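# Observations on the model geometry
Chain residues, written in single-letter form:
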Amino acid sequence: MSRMVGQIAVKAVLYVLMTAASIVMAFPLFWMISTSLKSLQEANAPKIIWIPTQLLLDAYRQVLADPRFLRSYLNSTFYAALALAGTLLSIAAVAYAFSRIRWPGRNLVFFLMLSTMMIPAQALIVPQYVFFHRLGWIGSFNPLIVPGYFAGGAAMIFLLRQAMAQIPIEMDESAFVDGASHLQIWWYLVLPSVKAPLATVATFLFVGFWNNLLGPLIYTQSSDLYTLPVFVAQLYNINNPTQPWPTIMAAAVLTTVPLVIVFFFAQRFILESVVITGLKG
Amino acid sequence: MTENPYLYTLLTVAATVAFIVVASFGLGFLARGVARLAGFSRLRQSSTFAGYFFAAPWIVGFVIFVVVPMAASLYWSFTNYRIPEAPIWVGFRNYTRLLLEDREFRGSMVNTLFLTVIGLPLQISAALLLAVLLNQKQRGERVFRLAFYLPVILGFNAAVLLCWRLMLNAGTGIVNQIIRALSRFPPLGYLNRAVIYVVEIVNAFFLGINNGNFTLFNKVIASGFPAANRVPMWIQTPLWSKMAVILLMVWGCGTMMLIFLAGLNNVPRELQEAAEVDGAGPWKRFWRISFPLITPYIFYNLIVGMIAAIQIFEPIYVLYRDNATLAPSAYSLVYYLWRATFRFNEIGYGSAISWVVLVLILLITLIQFRLQNRWVQYELY
C-alpha cells in the first residue's frame with residue numbers, strides 16, 4: 001500500500017516538474033501574443049499583466065498597414081520558397097548517389113562531404129562575400145538562394161542518405177530489369193519511400209532560411225530586400241524614447257506563425273529522425 | 001540587371017539550374033570516359049556515369065563554394081585587401097595584429113570561453129534533466145517532448161529574440177517581475193541574492209581578464225552580499241550581458257535533450273532491472289548505470305555545444321546591436337568576425353579571423369577526441 005502511495009507521489013512530482021518546464025519553454029510565445037494585444041501603457045506597466053484587460057488589435061492593424069513589413073514578408077517567403085525547392089531537390093539527388101549507386105570514388109567523396117561538416121559556415125562568409133561581390137550579386141537575393149542549389153548542407157545529405165540506404169536494393173534491381181533509368185527510380189521509387197525524412201529535411205531547411213539573419217544582413221543591403229528577421233530586429237531601436245512593444249510583438253507573432261505551423265505539422269517526423277541520426281537542424 | 005529583384009533572382013536561379021544540369025552531364029560523361037579507358041565493364045561504366053551525375057551538384061558546389069573560397073581567403077589573410085582596393089601582401093601582419101594587439105578580439109575569445117565554461121555545463125545539465133524526466137515514459141510524454149523542443153525551432157528567430165529582450169527588461173520585464181514576486185518568500189529571496197552575488201563575482205572576474213584590470217572585480221567584492229531588493233540586471237550592465245545569452249542557450253537545449261533521450265533509450269533495460277533487484281535505488285541506478293553509458297552522448301553534446309558557442313550571432317545582434325557600451329562584453333567570435341569585416345569591408349583582416357576561428361574549431365574537436373578516452377565509456381561493463 002505504502003509503495004503505491006510512493007509511486008503516485010513520484011508520478012505527481014514528475015508531472016509537476018514537466019509541466020513547469022513546459023510552461024517555461026513555451027512562455028515567450030505566450031508573452032509575445034499577450035503583449036501584442038496590449039495597449040502601450042499596459043505593455044510598459046510596472047506590474048504583471050498576464051492577459052490584457054481589453055484585447056486590442058491596433059498593433060496588428062498598424063503592422064499590417066506598414067508597407068515595409070509586408071514587403072519583408074514577401075521577401076522572406078520568396079527567399080525561403082525558392083531556396084527550399086532547389087536545396088531539397090539537389091540534396092535528394094546527392095543522397096541518392098551516396099546510397100543507391102556504386103561508383104568508383106564514392107567513399108572518398110562521401111568522406112569529403114562529411115568532413116565539410118567541421119567547417120563552420122561562418123568561416124566561409126568573407127571569401128564568399130568577395131566572390132558574390134565580383135559577380136555583382138550584392139544587393140540581391142542570389143547569394144542567399146543559389147549556393148543551396150549545389151546541395152548545401154552536409155548534415156541534411158547525411159540524414160537523407162541514411163534513410164535511403166535502408167530501402168532494400170532489390171527494389172531498384174527489379175526496376176532496372178523492367179528497363180527503368182536511374183532518374184525514374186530516383187523520382188518514382190526512392191523519393192516516395194523516404195517521404196518522412198524528406199519532410200524532416202524540408203522543415204529544417206525552411207526553419208534555417210526563415211530564421212537566417214546573418215546572410216540577409218550581409219547581402220541584401222537595401223531595405224527593399226530586407227527579410228523578416230532583419231526588418232523585425234530593426235523595429236527595436238535603443239534610441240527610441242519608448243519602445244512600441246505591442247507593435248513590435250505583433251510583427252513578431254506574424255513572423256513566428258509560419259514556424260509554429262510548420263513545426264506542428266512536421267513534429268512527428270522531426271523528433272524521430274533527430275533521435276535516429278543525432279543531428280541538429 | 002533587370003529592375004525587378006524577384007525576376008532577376010528567378011532568371012539567375014534558372015541559369016543556375018541549367019548550369020548544374022550541364023555540369024552534371026559533363027562530370028558524368030567525363031567519369032564514364034575515364035572508366036572506359038580504365039577498362040571497366042559496360043555495367044560499371046554506366047553506374048560510374050550515374051554516380052557522378054547525381055553527386056555532381058555537391059562536387060561542383062564544393063569546389064565553387066568551399067575549396068576556392070578557402071584557398072582565396074588563406075591568401076587574402078596575408079594581404080591588406082579592403083574591398084575596392086587591390087590586395088597587397090603584408091605577411092603575418094593581420095595575424096600579429098589580431099592575436100597580439102586587438103583587444104576586442106581577445107575580448108570575444110574570453111566571452112566564448114565564458115560561455116563554454118559557465119553556460120555549456122548549465123545547458124547540458126538542463127538537457128539531461130529534461131531527458132531523464134521524459135525517459136520515465138509517463139503518459140503525455142509526446143506533448144512534453146514537443147514543448148521542450150519548441151525553442152529550438154523558434155529560438156534563433158529575431159522576432160522571438162526581441163520578445164526575450166522585452167521579457168528581460170531589468171525594470172518592468174516579466175522575468176524580473178516574477179523574480180521580485182518570488183523573492184518575497186525568504187528562502188527564495190536569499191537564493192536570488194546568492195545567485196546574483198555569484199554571477200556578478202564570476203562575471204566581474206572574466207571582465208577583469210578582458211580589460212586587464214580588476215577594479216570592477218574589487219568593487220563587486222567590496223560591495224558585499226546584494227541588498228534584499230536586488231534583481232538581475234539582465235541587459236543593463238556588462239556583468240549580466242553574457243547571462244542573458246546563457247539563459248537563451250539553456251532555453252534552447254532541445255536538440256541536446258533529444259540526443260540524451262536517444263542515449264537513455266539505448267541503456268539496456270535488463271541492467272536497470274538487475275540493479276533494482278539488487279536493491280539499488282533510482283538515484284544510484286542513474287549514476288552507476290545510466291550515466292556512464294551516456295557519457296558518449298555528453299561528449300558529443302560538448303563538442304557540438306562548444307562549436308555552437310563560438311558561432312552565436314543572432315542573440316547578440318538582437319539584444320546588444322546598438323548598445324556600444326554593452327556589446328563588447330558579449331561579442332562571440334563570429335559576431336566579432338562579422339563586425340570587424342563588414343564595417344569597413346576589411347577582407348584581409350576578416351580572412352585572418354576566419355582562419356583563426358577555423359583552426360580553433362578543429363583544435364577543440366581534436367583535443368576533445370584525445371581526452372575522451374579518459375572518461376567516455378563506450379562499452380558495457
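Since this is a predicted model, take the numbers as computed values, not measurements.

### So, the overall build of chain A
Across its full length, chain A holds 14 helices and 0 strands. The C-alpha atoms of chain A give a radius of gyration of 24 Å, which is well past the 19 Å a tight globule of 281 residues would have. With the C-alpha coordinates aligned to their principal axes, the bounding extent of chain A is approximately 75 × 70 × 35 Å. Among the 281 residues that make up chain A, the fraction classed as buried is 46%. Looking at chain A alone, contacts between residues at least 24 apart form 77% of all its contacts between residues at least 6 apart.

### Quick look at the overall build of chain B
When you go through chain B residue by residue, the secondary structure sums to 17 helices and 0 strands. With respect to the three principal axes, the spread of C-alpha positions in chain B is 80 × 65 × 45 Å. Among the 381 residues that make up chain B, the fraction classed as buried is 41%. Within chain B, counting contacts between residues at least 6 apart in sequence, those at least 24 apart form 68% of the total.

### Comments concerning the domain arrangement of chain B
Split into domains, chain B comes out as domain 1 (5-76) and domain 2 (100-170 + 233-375). Each of domain 1 of chain B and domain 2 of chain B was reduced to a C-alpha centroid, and the two centroids are 36 Å apart.

### Observations regarding the nonpolar core
By size, the foremost hydrophobic cluster in this structure holds 183 residues, and its most contacted members are Val94(A), Leu160(A), Ala252(A), Leu162(B) and Phe260(B). In terms of residues, this core owes the most to one element, helix H4 (residues 67-100) of chain A, which gives 15 residues. Looking at which domains feed residues into this core, each of domain 1 (5-76) and domain 2 (100-170 + 233-375) of chain B gives three or more. Look past the residues within four positions of Leu162(B) in its chain and what remains in contact with it is Val232(A), Ala233(A), Tyr236(A), Ile248(A), Ala252(A) and Val318(B).

### Re unusual backbone geometry
Residues and elements named next belong to chain A. For Ala151, which is not a glycine, the phi torsion comes out positive at approximately 50°. Structurally, Ala151 is set in the loop between helix H7 (142-145) and helix H8 (154-165). A positive phi angle, close to 65°, is found at Gln221, a residue other than glycine.

### Some points on the packing of helix H8 (residues 186-211) of chain B against helix H9 (residues 215-223) of chain B
Two packed helices can be described by the angle between their axes and the distance between those axes. Residue and element names in this part refer to chain B. Orientation of H8 relative to H9, taken along the N-to-C sense of each, is 165°, at an axis distance of 8 Å. Comparing their axes, H9 and H8 come out roughly antiparallel. Taken as a pair, H8 and H9 cross one another with a handedness that is left-handed. Between H8 and H9, the contacting residues are Glu200, Ile201, Ala204, Phe205, Leu207 and Gly208 on the first element and Leu216, Phe217, Val220 and Ile221 on the second.

### Digging into the packing of helix H5 (residues 141-154) of chain B against helix H11 (residues 254-265) of chain B
Residues and elements named next belong to chain B. It is the contact of H5 with H11, at a shortest axis distance of 8 Å, that shows an interaxial angle of 135°. On the basis of their axis angle, the class for H5 and H11 is oblique. Packed against H5, whose contacting residues are Phe148, Tyr149, Pro151 and Val152, the element H11 presents Gly254, Thr255, Met257 and Leu258 at the interface. Looking at side-chain class alone, the contact of H5 with H11 contains 6 nonpolar, 2 polar and no charged residues.

### So, the environment of Ile367(B)
With respect to the helices and strands, the residue Ile367(B) is situated in helix H17 (residues 347-375). For the pair Ile367(B) and Ile303(B), spaced 64 residues apart in the sequence, the C-alpha separation amounts to 9.9 Å.

### Things to note about helix H16 (residues 333-342) of chain B
Burial within H16(B) is extensive, with 8 of its 10 residues counted as buried. Within H16(B), the full set of buried residues consists of Leu333(B), Val334(B), Tyr335(B), Tyr336(B), Leu337(B), Trp338(B), Ala340(B) and Thr341(B).

### Some words on the environment of Phe209(A)
Relative to the elements of secondary structure, Phe209(A) occurs in helix H11 (residues 195-211). Each C-alpha atom, one on Phe209(A) and one on Pro244(A), is 27 Å from the other, the two residues being 35 residues apart in sequence.

### Some words on the confidence of the model for chain B
Per-residue confidence for chain B gives a mean pLDDT of 89, with 98% of residues at or over 70. Prediction confidence for the complex, expressed as pTM and ipTM, is 0.91 and 0.89 respectively.

### Some remarks on helix H13 (residues 228-235) of chain A
Taking burial as the measure, the 8 residues of H13(A) include 7 buried ones, the bulk of the element. Among the residues making up H13(A), those that are buried are Leu228(A), Pro229(A), Val230(A), Phe231(A), Val232(A), Ala233(A) and Leu235(A).

### Comments concerning the confidence of the model for chain A
Any segment with low pLDDT has predicted coordinates that should not be analysed in fine detail. Per-residue pLDDT for chain A has a mean of 89; in total, 96% of the residues score no lower than 70. Within chain A, the lowest mean pLDDT, 84, falls on helix H14 (residues 245-277) of chain A, and the highest, 96, falls on H4(A).

### Here's the deal with the environment of Ile20(B)
Assignment of secondary structure puts Ile20(B) in helix H1 (residues 5-37). Taking C-alpha positions, Ile20(B) is 9.3 Å from Gly61(B), a pair spaced 41 residues apart along the chain. Sequence-distant contacts of Ile20(B), defined by excluding residues within four places in its chain, comprise Tyr149(A), Pro57(B) and Val60(B).

Procedures and definitions
Residues numbered from 1 in each chain as written. Chains lettered and ligands numbered in written order. Predicted model: local features only at pLDDT ≥ 70, side-chain atom pairs only at ≥ 80, totals over all residues. Helix = DSSP H or I, 4+ residues; strand = E, 2+ residues; numbered from the N terminus. Rg over C-alpha atoms; globule rule 2.2 N^0.38 Å. Buried ≥ 20, exposed ≤ 12 C-beta atoms within 10 Å, placed from the backbone. Contact = placed C-beta atoms within 7 Å. Domains from an automatic or database assignment. Core = buried A, V, L, I, M, F, W, Y, C linked by C-beta atoms within 7 Å. Axes fitted to C-alpha atoms, helices over the stretch in contact; angles between N-to-C directions. Parallel < 35°, antiparallel > 145°, perpendicular 65-115°, else oblique. Left-handed = near helix turned anticlockwise from the far one by under 90°. Nonpolar A, V, L, I, M, F, W, Y, C, P; charged D, E, K, R; others polar. pLDDT = per-residue confidence, 0-100.

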